[in-house]
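Close look at the chain arrangement
Chain residues, written in single-letter form:
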Amino acid sequence: MAARDEIQALMEQALSGFNKGDPTAFLNLFDDELEVFDHAPYRFDNKSSFIAYLQSLLVGAEAATDVFHQPSYRTFNDNTGIVNTYDTFTVMPKAGGAPQVQNNRTTYVYVKKGGQWKIVSAHFSPLPQ
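Predicted model only: the values in this text are computed from it and were never measured.

1. Describing the layout of surface pockets
Approximately 390 Å³ is the volume attributed to the largest pocket. Around the largest pocket, the lining is made up of 20 residues, and of these Asp38, His39, Leu54, Leu57 and Phe89 lie nearest the centre. Mapped onto the lining of the largest pocket, the elements with two or more residues apiece are helix 1 (3-19), helix 3 (47-58), strand 4 (80-93) and strand 5 (100-113). In terms of residue count, the dominant contributor to the lining of the largest pocket is strand 5 (six residues). Split into classes, the residues belonging to the lining of the largest pocket amount to 12 nonpolar, five polar and three charged. By volume, the second largest pocket amounts to about 160 Å³. For the second largest pocket, the full set of lining residues is Phe18, Asn19, Lys20, Gly21, Asp22, Pro23, Leu58, Ala61, Glu62, Ala63 and Ala64. Looking at which element gives the most residues to the lining of the second largest pocket, the answer is strand 3 (residues 61-76), with four residues. Split into classes, the residues belonging to the lining of the second largest pocket amount to six nonpolar, two polar and three charged.

As structure tokens, then:
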């Protein structure tokens with residue numbers, strides 16, 4: 001399987017699990033030395049700090065989904081990959097009320113480490129309303 005296809009399959013499997021309430025595959029894609037630029041006004045310098053942030057966003061949520069629109073999967077030298085996409089991240093609160101919807105531009109940078117594809121960098125920026 002080509003590197004591009006491997007990354008696409010991993011991403012689709014991870015999103016499918018996340019959207020069904022099981023974020024395990026998605027979280028396992030992150031490298032321990034992950035670096036993330038997000039909507040928050042600071043940079044996350046490792047996997048554990050970013051996961052803690054994600055968990056804080058989902059406190060009180062009944063469900064969360066992330067849907068990609070127009071994803072682009074590219075690879076270089078069979079050990080580096082980039083996923084660029086527009087996405088819609090939706091959080092459904094447990095207590096009722098309107099869902100929180102965020103439309104974003106998203107980039108994931110993958111590197112093959114020890115035979116496994118890992119996300120080493122991610123950037124999320126909100127689309128203008």
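Still more ground to cover, so stick around.
2. Focus: the pairing of strand 3
Bridging between strand 3 and strand 4 involves 13 bridges; their strand directions are antiparallel. What sits directly across from Arg74, in strand 4, is Ile82. Once strand 3 ends, the chain turns through three residues before running back antiparallel as strand 4, passing Asn77 with a positive phi of about 55°.

Conventions and cut-offs
- Residues numbered from 1 in each chain as written.
- Predicted model: local features only at pLDDT ≥ 70, side-chain atom pairs only at ≥ 80, totals over all residues.
- Heavy atoms only, no water.
- 1 Å grid on protein atoms, 1.4 Å probe; cavity = no way out; pocket = protein on both sides within 12 Å on 5 of 7 lines; lining within 4 Å.
- Points joined across faces, edges and corners; volume = space filled by probe spheres on them.
- Helix = DSSP H or I, 4+ residues; strand = E, 2+ residues; numbered from the N terminus.
- Nonpolar A, V, L, I, M, F, W, Y, C, P; charged D, E, K, R; others polar.
- Pairing = 2+ DSSP bridges.

Honestly, that's just the spatial picture; any functional story needs more than this.
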